[in-house]
Amino acid sequence: METTPHILVVDDHEEIRTQLARYLSKNGMRATTASGGAEMREKLKAAAPDLVVLDVMMPGEDGLSLCRHLRDNTDLPVILLTAMAEDTDRIVGLEVGADDYVTKPFNPRELLARIKAVLRRTNAMPRTDPAPADGRLRFDKWTLDVKRRELTGKDGVSVALSTAEYRLLNVFLQRPGMVLSRDQLLDLAAGREAQPFDRAIDNQVSRLRKKIETDPKKPVLIQTVWGGGYKFATEVTPA
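Cut-offs used in this document
- Residues numbered from 1 in each chain as written.
- Predicted model: local features only at pLDDT ≥ 70, side-chain atom pairs only at ≥ 80, totals over all residues.
- Heavy atoms only, no water.
- pLDDT = per-residue confidence, 0-100.
- Contact = heavy atoms within 4.5 Å.
- Helix = DSSP H or I, 4+ residues; strand = E, 2+ residues; numbered from the N terminus.
- Polar contact = N/O pair within 3.5 Å; in protein donor to acceptor, adjacent residues only side chain to side chain.
- Buried < 20%, exposed > 50% of the residue type's maximum accessible area, 1.4 Å probe, protein only.
- Core = buried A, V, L, I, M, F, W, Y, C linked by side-chain atoms within 4.5 Å.
- Phe/Tyr/Trp six-rings, centres within 6.5 Å; stacked < 30°, edge-to-face > 60°.
- Salt bridge = Lys/Arg side-chain N within 4 Å of Asp/Glu carboxyl O.

A. Quick look at the confidence of the model for the chain. Per-chain confidence: the chain averages 83 in pLDDT, with 85% of residues scoring 70 or above. Here residues 192-198 scores under 50 on pLDDT; set against residues more than four positions off or in separate chains, the count is 13 contacts.

Written out as C-alpha cells, the structure is:
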C-alpha cells in the first residue's frame, strides 16, 4: 500500500509548479501538478492526492473558487499560495475552507513544514467516503441535498441553513457514530489556523440542534460526549 504523501500542486506558473514538485519529490513526497481548475479536476479523477497546494491568483477560476469547490465536494486539506499579505485576504482564504496559507515569495522549506503539519493534523482525524453520487443523505425525518445545500423534512418543507450550519451538519452526516472533538469539527467543517475556538463550535452545534432536534434541550441526534466532543447518534443512508 502506498504510504508516501501525494501532493497536488495547482499553479498557472509552470516554473513555480515544476520547481515545487521537484523539491517535494526530493523530500520524500509524490507530486503531481496542474495548471488550473480544469486540469486539477482531471488529476483528481485520476488519483486522489493527500493534500492540494493551490495558488490564489490564477486566470479564469481563481484559487478561492477552487478551494470552495474542493471543500464542498471533498475533505482534502488545502494550503493556499497567495501573493497578498493583508490579513483580510488570508482570512477570506480560511473562511472558504483552506487549512493553511503561505505568502509568495515563499521558502520551500517553510511550505514543506506546513504541508507536514497539516497532514499530521488531518491524518489524526477520522476520514470517510464522500457523499453518494446523487448527493442526498437521509437521517431521522430529514433529507440533506448536498449539492443544493438544502435540508427538507418529511413534509417537504425546506429549512434554511447558514454556510457554517450546512458544513457542520455535513461533517456529522459523513461520520455517524464517531466521537469528534471540537478541534476536529472546526478543521473538518471549515479549515482554520491552529488556535482552538471551543465556544465557536459549541454555538454552532447549539444553532444546528435548534433546527433538526425535536427538543433541542434534550438532543437525540447530536449528542454531547463529555470530555470528548460530539457524536451524531443516528443512522445516515443515501436518499
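B. Geometry of the side chain of D145. In this fold, D145 is placed in strand β7 (residues 142-145). There is a polar contact of 3.0 Å between the side chain of D145 and the backbone nitrogen of R148. Apart from residues lying up to four places away in sequence, D145 is in contact with G135, R136 and E150.

C. Up close: the environment of D100. Relative to the elements of secondary structure, D100 occurs in strand β5 (residues 100-103). Given the relative accessible area of 15%, D100 is considered buried. Remark: the alpha-carbon pair of D100 and R114, spanning 14 residues in sequence, is separated by 7.6 Å. A distance of 3.0 Å separates polar atoms of two side chains, one belonging to D100 and the other to R114.

D. Spotlight on the nonpolar core. Among the nonpolar cores identified, the biggest contains 27 residues, and F139, L169, F172, I212 and F232 are the most heavily contacted of them. At the level of secondary structure, the elements contributing two or more residues to this core comprise β6 (136-139), β7, α6 (163-174), α7 (182-189), α8 (198-212) and β12 (229-232). At six residues, α6 tops the list of elements feeding residues into this core. Dropping the residues within four chain positions of it, L169 is found in contact with F139, L144, L151, L161, L208, I212 and F232.

E. Just the packing of aromatic side chains, in detail. Applying the stated criterion across every chain, the model contains two aromatic pairs. Between the aromatic rings of F139 and F232, the centroid separation amounts to 5.4 Å while the plane-to-plane angle is 70°, which identifies the pairing as edge-to-face. Here F139, found in strand β6, pairs with F232, found in strand β12; they are 93 residues apart in sequence, far enough to count as distant. Here F139 matches F232 in class, with each residue buried.

F. Representation of the environment of V236 within the structure. The residue V236 is located in strand β13 (residues 236-238) in this model. Assessed through its relative accessible area of 18%, V236 is described here as buried. Note: C-alpha distance between V236 and R175 (61 residues apart in sequence) is 8.9 Å.

G. Layout of the pattern of salt bridges. Here the structure, examined in full by the defined rule, presents 10 salt bridges. Its salt-bridge partner being D11, residue K104 comes within 3.0 Å of it at the nearest N-O pair. With K104 in the loop between β5 and α5 (108-123) and D11 in the loop between β1 (6-10) and α1 (14-26), this pair connects stretches of sequence that are 93 residues apart. With relative accessibility at 17%, the residue K104 sits in the buried group. Between E61 and R41 there is a salt bridge, with its nearest N and O atoms 2.9 Å apart. Residue E61 is located in the loop between β3 (51-55) and α3 (63-73), and its partner R41 is located in helix α2 (residues 37-46); the two are separated by 20 residues in the primary sequence. Assessed through its relative accessible area of 35%, E61 is described here as partly exposed. Of the residues examined, R41 reaches a relative accessible area of 26% and is grouped as partly exposed.

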